[in-house]
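# Per-entry structural report
If you want the building blocks of each chain, they are given just below.
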Amino acid sequence: MLTRVPFLRAVQSQLLRNSTTEVINNYTTMSKFDLPDRFVGNDKSVWVEYIQLALQHKPVNLGQGFPNFHAPENVRKALANAALNENPLLNQYTRGFGHPRLVNAIAALYSKLLSRKLDPTTEVIVTAGAYEALYAAIQGHTSPGDEWIIIEPFFDCYEPMIRTAGGIPKFIPLKPTKNSGIISSGDWMYDKNEMASLFNKRTKGIILNTPHNPLGKVFTHDELSFIADLAKKWNTLVVSDEVYEWMVYKPHEHIRIATLPDMYERTITIGSAGKTFSVTGWKIGWAYGPANLLKNLQVVHQNSLYTCSTPIQEAVAVGFEEELKKFGQPDCYFTSLAEELLEKRDFMAKFLADVGMAPTIPEAGYFMVANWTQLEKNVNLDEEQDEYKDYRFTKWMTKNVGLQGIPPSAFYSKEHKHLGEDNVRYCFIKVIVN
Ligand SMILES: Cc1ncc(COP(=O)(O)O)c(C=O)c1O
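Owing to the predicted nature of the structure, the values given are computational and were not obtained by experimental measurement.

Glancing now at the packing of helix α4 (residues 100-114) against helix α11 (residues 310-325). Remark: α4 packs on α11, axes separated minimally by 8 Å, with the N-to-C direction vectors making an angle of 30 degrees. As far as their axial angle goes, α11 and α4 are roughly parallel. Taken as a pair, α4 and α11 cross one another with a handedness that is left-handed. The residues of α11 that touch α4, namely those facing R101, L102, A105, I106, A108 and L109, are Q313, E314, V316, A317, F320, E321 and L324.

Structure, rendered in structure tokens:
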């Protein structure tokens, strides 16, 4: 209609020309290459900052969690054998959703532990570390506006993974139920009413981490059942991050939430070869669960990584096959690792108590959280600029005492960071006991 009037046609083409120039100008002034909105706010990482700090000050670094001893020899030899194997295909691409030998081994192990037959081709996926399994589970099961419940303190990638997928994290803290005497990670609990209040019809799922990083808590049957009942009531998923499943100190026992009644159907369980065989640099992980839920992870994986390293998967498969033969015996790595770590845990707890901190004794894992506030009078927090006291404490300790830990407020949501400020996290797997 407009364009039939010559004068108006001229005005219209002028408008169009102006708006095109405006768009081009906007691109140049706004910078076309800014971080996409969905990542804004996720650029700070405690790991990047503290690795840099360690490089600069060369402290005893009990920050990042990885062993400083050799992985079992059979597993390392298996990797060498795979790389040098006569079969050239062991150094080529393998099946995208997991090297056949490895998915078979994983399915065999967890079929035994879950007392149900897992199909290695549809109920197991191999990923680049547990990290990618978490990413694929969250990306593959989040639509914009979906809510996910996260238990604090938490492995810090959960929050950005949910937010960048368009999801909304809802947080609930574990809090110590004791403040004197010896505190165990089991004394850190969630409030059941608060937990129940977070579930609603928008809840897509809850991320559970048992055994827990950083507290070392092994969730009890009662705590897991409470979560499981809510997940069933509200028809939600459970993503269960169980990377520390083999580092549990007796008499505590790891319970897989997927084994609770009617829970396998709604649970994606995640594991890590890095943690299982003390080879964190290998970055192989997995997820297992019902085929309909794993399908979504397959889609994310095939459109991002597609496939993981073949010789490393082969070596991990050999590791599993050999441990399965020794399963339940004292020389099985799944049993012996925790026994070796126990001495280090007790040494670390005594050391921290002797210097005036109040450690939480972990029931599992290789991290220990300790309250440092009794030392406040001996440290000069004013020398550091950070907003949260645990950042200032850990930085001051790194620079002046030569001992580096990680500030636990990094493992809380913005609104709950104050809950982590009185503590520091140390990784005791690197401690050498004389
Ligand atoms: C709780 C938790 N989940 C997942 C991971 C990642 O494991 P991976 O190294 O296999 O990616 C870690 C590593 O520290 C962790 O602590």
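Let us keep going from here.
The next thing to look at is the domain arrangement of the protein chain. By the assigned domains, the protein chain splits into domain 1 (44-70 + 332-427) and domain 2 (73-326). Computed over C-alpha atoms, the centres of domain 1 and domain 2 are 24 Å apart. Residue assignment for the side of domain 1 that touches domain 2 shows that the elements contributing at least two residues are α12 (333-354), β12 (358-361) and β13 (367-371). Per element, the largest residue contribution to the side of domain 1 that touches domain 2 is seven residues, and it comes from α12. Considering only residue class, the side of domain 1 that touches domain 2 consists of 23 nonpolar, five polar and three charged.

Here we come to the sheet that holds strand β6 (residues 183-184). Spatial strand order, β6-β12-β13-β15: four strands in an open sheet with mixed pairing. Only two strands of the sheet have a single neighbouring strand rather than two, namely β6 and β15 (423-427). Note that β6 and β12 share two bridges and pair parallel. Note on β12: the bridge partner recorded for I183 is T360.

Our focus in this paragraph is the site of the ligand. Around the ligand sit 14 residues in total, of which G129, A130, Y131, F155 and S272 are the nearest. Taken together, the residues of the shell around the ligand break down into four nonpolar, eight polar and two charged.

In terms of nonpolar packing, the biggest core is built from 108 residues, with I106, A137 and A287 touching the most fellow members. Counting the residues that make up this core, at least three belong to each of domain 1 (44-70 + 332-427) and domain 2 (73-326). Leave out the neighbours within four places in its chain, and A287 touches I125, T127, A133, A137, I268, T269, I270, L294 and L297.

Among the structural elements, V248 can be located in the loop between β9 (237-241) and β10 (267-272). By C-beta crowding, V248 is classed as buried, having 22 other C-beta atoms within 10 Å. Spatially, the C-alpha atoms of V248 and S31 are 50 Å apart, while their sequence positions differ by 217 residues. Sequence-distant contacts of V248, defined by excluding residues within four places in its chain, comprise P211, V218, E253, H254, A338, E363 and A364.

Those residues carrying the UniProt feature "domain: Aminotransferase class I/classII large" (unreviewed entry) are residues 59-413 in this numbering. The distance separating the terminal C-alpha atoms of residues 59-413 is 28 Å; by composition the span is 37% helix and 16% strand.

With that settled, consider the sheet that holds β10. The seven strands lie next to each other as β2-β11-β10-β9-β8-β3-β4, forming an open sheet whose pairing is mixed. Edge positions in the sheet fall to β2 (124-127) and β4 (168-173), since each of these pairs with one other strand and no more. When the angles between neighbouring strand axes are averaged without regard to direction, this sheet yields 20 degrees. In this sheet, strand β11 (residues 285-288) lies alongside β2 in antiparallel orientation, the contact comprising four bridges. Bridge pairing in β11 links V126 to W286. Against the sheet, α4 contacts β2 and β11, and its axis sits at roughly 125 degrees relative to β2. Each of β2, β9, β10 and β11 is contacted by helix α10 (residues 291-302), which is oriented at about 30 degrees to β2, the strand it contacts most.

Another point: helix α3 (residues 73-84). Since the α-helix packs 3.6 residues into each turn, any two residues three or four apart lie on the same face. The end-to-end C-alpha distance of α3 is 16 Å, a good match for the 16 Å that 12 residues give at a rise of 1.5 Å each. Of all the positions in α3, only V75, A78, L79 and A82 are classed as buried. Seen from one end, α3 has its buried residues packed into an arc of 100 degrees, which puts them on one side. Exposed side of α3, more than 90 degrees from the buried face: E73, K77, A80 and L84 are the residues found there. For α3, the elements touching its buried residues are α11.

The angle between the axes and the distance between the axes are what describe a pair of packed helices. For the pair helix α5 (residues 129-140) and α10, interaxial distance at closest approach is 8 Å and the crossing angle is 110 degrees. Viewed along their axes, α5 and α10 adopt a mutual orientation that is roughly perpendicular. The crossing of α5 and α10 is right-handed. Along the contact surface, α5 presents A136, A137, Q139 and G140, while α10 presents N296, L297, V299, V300 and H301. When its residues are assigned to classes, the contact of α5 with α10 shows five nonpolar, four polar and no charged.

Quick notes on the rules
- Residues numbered from 1 in each chain as written.
- Predicted model: local features only at pLDDT ≥ 70, side-chain atom pairs only at ≥ 80, totals over all residues.
- Axes fitted to C-alpha atoms, helices over the stretch in contact; angles between N-to-C directions.
- Helix = DSSP H or I, 4+ residues; strand = E, 2+ residues; numbered from the N terminus.
- Parallel < 35°, antiparallel > 145°, perpendicular 65-115°, else oblique.
- Left-handed = near helix turned anticlockwise from the far one by under 90°.
- Contact = placed C-beta atoms within 7 Å.
- Domains from an automatic or database assignment.
- Nonpolar A, V, L, I, M, F, W, Y, C, P; charged D, E, K, R; others polar.
- Pairing = 2+ DSSP bridges.
- Near = placed C-beta within 6 Å.
- Core = buried A, V, L, I, M, F, W, Y, C linked by C-beta atoms within 7 Å.
- Buried ≥ 20, exposed ≤ 12 C-beta atoms within 10 Å, placed from the backbone.
- UniProt positions renumbered as here; feature names shortened; annotations may be inferred.
- Expected span 1.5 Å × (residues − 1).
- Arc of directions from axis to C-beta.

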